[in-house]
Every structure is written in C-alpha cells, then in structure tokens.
Amino acid sequence: MIYSLEAEQSVLGALLLDPDKLSAVSAIITAADFYDATNKLVWNAIEKCDKADTSIDMVTVATEIGMQYLSYLGDCADMVPTTANVLSYAKIVADKSKKRKLHAISFGIQNMVEDDAGSDELADYISSEVMNATEGRESNTQTTMGKAIKKLLERTDDRLNGQEELYSTGFKDLDDVMKLEGGRLMVLAGRPSMGKSTFGQNIMENNAKDGIPGYFATMEMPEEEIAARTMCSQGGVDNDFLQDPKGFTSKHTDSDDQWPKLSSAVNIAKDWPMEIDYSPGLRIADLKNRARAWFRKQKGYIENGKGILLIDYLGLMKMAGKDRVKEYGEVCKELKRFAGEMGIPIILICQLNRSLEQRPDKRPLMSDLRDSGEIEEDADIIAFVYRDEVYHEDSPDKGIAEIILRKSRNGKITTVRLMTELKHYRFRNLARGDYS
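Residues numbered from 1 in each chain as written. Predicted model: local features only at pLDDT ≥ 70, side-chain atom pairs only at ≥ 80, totals over all residues. Heavy atoms only, no water.

### Here we look at the overall build of the protein
Here is step 1: When its secondary structure is counted, the protein shows 18 helices and 9 strands.
Here is step 2: If one aligns the C-alpha atoms of the protein with their principal axes, the spans along those axes are about 90 × 50 × 40 Å.
Here is step 3: The buried share among the 436 residues of the protein stands at 46%.
Here is step 4: Long-range pairs, those at least 24 residues apart, make up 68% of the contacts in the protein with a sequence separation of at least 6.
Here is step 5: Per element, the accessible surface of the protein, about 22,100 Å² overall, is 49% carbon and sulfur.
Here is step 6: When the 58 positive and 72 negative side-chain charges of the protein are each reduced to one mean point, those points stand 3 Å apart. (Helix = DSSP H or I, 4+ residues; strand = E, 2+ residues; numbered from the N terminus. Buried < 20%, exposed > 50% of the residue type's maximum accessible area, 1.4 Å probe, protein only. Contact = heavy atoms within 4.5 Å. Areas by Shrake-Rupley, 256 points an atom, 1.4 Å probe, with all protein chains shown as cover. Lys, Arg positive; Asp, Glu negative; His and termini not counted. Charge placed at Lys NZ, Arg CZ, Asp CG, Glu CD.)

Here is the structure:
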C-alpha cells in the first residue's frame, strides 16, 4: 500500500498535543501529502486555526470540522507515544506521497506513449514531473482573487523592506526603467557586431558577483572564449594578449601589466556560481533538463529561488520541423513556461532581419526580429542593442550604445544609453551629465 494511515494519524495527534511543532512539520508536508480524506480535513483545520491565531487542540479543531470528529481526534492523540517523533512521522507521510505521485507518473508516461508523443516531449514530461514529485511540491495552477491579492501585498511589503529584490542588470539607468523579475522571458536582439552577446554576459556576470547562479547555454562560443571575455571584462585584460601572449608581448613594451590584470580577474570570477553549456544545435528539451538539474543543486537557487538562464542564441537552436517561424514561436512558448516553472528570468539572444539595413534610421523595431513568429507575444521584455558607430564612422556617439526597450512588462518603453568598452567586452553606466 502506498500510504500509511498510522503515520498520518500520528502526525495529527502529535500536533494536537504539541502545536508548536506545526512550523517544522509544515516544512516537510502539505495537505496534498495526506492520502486519507479525513486526515486531510483535520490537517486543513489545524492550519486554519494556526492562521487565525486560535489555539490548536481537539476542541478547537473539532469546532472547525464538526464535533462528530472529536472522538477521532482523541484516537489520533492517544496513538502517539511521544511528540518528539513527529518529524519522523511526517517524513513517512512525505515519502508515501512521493511514491504515489511517481506511480501516477508511470500511467502518464504510458498514456503519452500510446498517444505517440515525441521522445523529446516525453523526456521533458518525465524530468519535470519526477522532480516536482520528489521535491514534494504540489502542482497548483488555480487560486482565488483574494489569495492573489494577499500574495501581491506580501510581495510588495517584502520589496519595501528589502526582503525580496528585483534582479539588477548592473546598469542603474536600465534598472530604473526595466523590471527584470523571476518568471520573465527577456529577448535581447541586435544585428551582428552590436555587442548583444557581451551585454547579456555582462548582466549574468553582474548577478554572479552577488552569488546568483547563472546558466549560460551557448551554441556559438566555446567555454574558453566565454572565460576570456570574463577575464577582459573583470580585469581589463587585453583579449589580444589572451589569444597570442607571445606575439602581444613582442609588440607591446608595456605588456607586463597583463599578468597582474589576469590574476586579478581570475580571483574575482573563479568561484562564481556560473555554468557554461557549450552545445551547438542544442535542443530545447535537453536545455531544460540540464538547466533544471543544475539550478536545483545551487545554493543561491535552493535558499532564495534565484538564478538567471542566458541563451545565445535562438537561431542556432536545433528545431524539429522545417517551418522556422512556427518552431521559433514554440521554443519561445516553452522558454516562457520554463521561466515560470523555475521562477527565474530567462534572457534569450536573437538575431535581426537584414531588412533594417535598407532604412535610413537603422534603429531596430520589433518587426525586425528574424522569423519573429510569436516572439513579440510571448516575450515580457524586448530590448535591442544599437551602436550608431557601426553604420556611421563619424557618429558623435562613438563609444555609446543604445538599449532600446520596445516592450517592457511593468516597465517603460524608452531608450537607455550606456558606455561601451567592447575591447574589454563590457558595457558601463554613463554619468548623468554624459547624456547631453
């Protein structure tokens, strides 16, 4: 039998005798973990009394569910030898609950196989459902307006008191107008040589400094190239030195400072919680499975639920069909759902159509997204990186990048200007006076 009525009753009896242990027990089980309907009813009544600051005992709980249950509550209390073992009882209930969920998943797998589901879809279902089951998390997609408002007020209060913060990009002017939140999909796009990959990596690096885990899925750059960019951005190392140290030293008499800079950058970044996944032609199902497993081992994600997933870039992902527009739309929908599942922001780098090259003003529009499909609809934030000097050698904005926000949920539609040091693969904040 995949349940233990004795363990369930022992948990309830122990809480009736020692209500102070409810907090510790609640960290292990929820109402969904009870197999018996009566036991689930009693648990809900205990939680209701706790939330109402009502004392928890057999009389108060029976008052909630009906005095006809008073005798049953007494039986639960009588069968408890000692309340000191309540956590052990709770772990038995949790274990049985996980086994029931895993058993149910087996039927789901069987049904999907019979319906001829694709292997990628099947693998994603198994990975997601098994992790949800083994973590003991209840799948709940429905709530009342009252509960939603309560959650909103709690979040607002937490943010006011600094207990829950939005993600920072590391660029103050951008943070002022763009709200990077968990569960959001941000599309970062631009033409070649604009620095979009560098900008995305900078955002991840700025968060890694604060201990926020970052998973960098790259289909374009091998891991040593990404590491080189980090050395340049964090230590001011010249990339030419990293590519050809002997040749660089022979050409530059002042090259002695490169080694100290490199040493400094190594010390800054070597312990960052940052994973590099270099997989050309990466499939969305594989990406989700790898990232999901990695994040759930990271201290920052386990304790605070924080992390960032950066994907570089959409056009190089392996698609199942020949209709690229439709496939891109499906990938974006999957990533949007995955961001919600994990509770983290996902930054997706995209290329732009060449059509903008024919316009006098080459600042991108949302319609310039290559094979955009449903990207515009599913993305919470769409930002474009534009550098005027790429098109105009005599541009007065040399060394300046525009981060153009065309869509920004809970933020503003505007343009933010940043300083670029692409030789060192980094963007920087502009002083306020530099805007003129």
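### Description of the state of the cysteines
Here is step 1: A complete count under the given rule lists 0 disulfides for this structure.
Here is step 2: For C350, which is in no disulfide, the shortest distance to another cysteine sulfur is to C332 and amounts to 6.0 Å. (Disulfide = S-S within 2.5 Å.)

### A short note on helix α4 (residues 58-65)
Here is step 1: Within α4 the residues assigned to the buried category are T60, V61, A62 and I65.
Here is step 2: The elements touched by buried residues of α4 are α1 (5-17), α3 (37-51) and α5 (70-78).
Here is step 3: Of the residues flanking the start of α4, the one acting as N-cap is D57, its side-chain oxygen 3.0 Å from the backbone nitrogen of V59.
Here is step 4: One or two steps after α4, the chain reaches G66, where phi turns positive at roughly 120 degrees. (Polar contact = N/O pair within 3.5 Å; in protein donor to acceptor, adjacent residues only side chain to side chain.)

### Quick look at the pattern of salt bridges
Pairs can form between side chains of opposite charge whenever their charged atoms are close.
Here is step 1: As enumerated under the stated definition, the model contains 31 salt bridges in all.
Here is step 2: As a salt-bridge pair, K99 and D95 come within 3.3 Å of each other at their nearest N and O atoms. Of this pair, K99 and D95 both sit in helix α6 (residues 86-114), 4 residues apart, which is roughly one turn of that helix.
Here is step 3: Of the residues examined, D95 reaches a relative accessible area of 35% and is grouped as partly exposed.
Here is step 4: Of the charged contacts in the structure, one is a salt bridge between D361 and R363, with a shortest N-O distance of 3.2 Å.
Here is step 5: Salt bridges linked by common partners bring D124, K288, R292, R296, E334, R337 and E341 together as one network. (Salt bridge = Lys/Arg side-chain N within 4 Å of Asp/Glu carboxyl O.)

### Comments concerning the nonpolar core
Soluble, globular proteins show a tendency: their nonpolar side chains are buried together.
Here is step 1: Within the largest apolar cluster, 77 residues are counted, with the highest numbers of intra-cluster contacts made by F199, L287 and I311.
Here is step 2: A per-element tally of this core places helix α17 (residues 324-342) first, with 7 residues.
Here is step 3: When near neighbours in sequence (up to four residues on either side) are disregarded, I311 contacts A217, M219, L287, M317, L335, I346, I347, L348 and I349. (Core = buried A, V, L, I, M, F, W, Y, C linked by side-chain atoms within 4.5 Å.)

### Some details on the packing of aromatic side chains
Each pair of aromatic rings is reported with the distance of its centres and the angle of its planes.
Here is step 1: Applying the stated criterion across every chain, the model contains 11 aromatic pairs.
Here is step 2: Aromatic pair Y386 and Y391: ring centres 6.1 Å apart, planes at 20 degrees, arrangement stacked.
Here is step 3: Classification of Y391 by relative accessible area gives partly exposed; the value is 22%.
Here is step 4: Through pairs of rings, three or more aromatic residues link up here, namely Y215, W294, F295 and Y301.
Here is step 5: Residue placement shows K306 over the ring face of Y167; its charged tip is 4.6 Å from the ring centre.
Here is step 6: The ring centre of Y391 lies 5.6 Å from the NZ or CZ of K362, which sits over that ring. (Phe/Tyr/Trp six-rings, centres within 6.5 Å; stacked < 30°, edge-to-face > 60°. Lys NZ or Arg CZ within 6 Å of the ring centre and 35° of its normal.)

### What about the packing of α4 against α5?
Here is step 1: Remark: α4 packs on α5, axes separated minimally by 9 Å, with the N-to-C direction vectors making an angle of 140 degrees. It follows that α4 is oblique to α5 by the angle criterion. With respect to the hand of their crossing, α4 and α5 are arranged in right-handed fashion. In this structure, α4 contributes M58, V59, V61 and A62 to the contact, and α5 contributes L70, L73, G74 and A77.
Here is step 2: Partitioned by chemical class, the residues of the contact of α4 with α5 number 7 nonpolar, 1 polar and no charged. (Axes fitted to C-alpha atoms, helices over the stretch in contact; angles between N-to-C directions. Parallel < 35°, antiparallel > 145°, perpendicular 65-115°, else oblique. Left-handed = near helix turned anticlockwise from the far one by under 90°. Nonpolar A, V, L, I, M, F, W, Y, C, P; charged D, E, K, R; others polar.)

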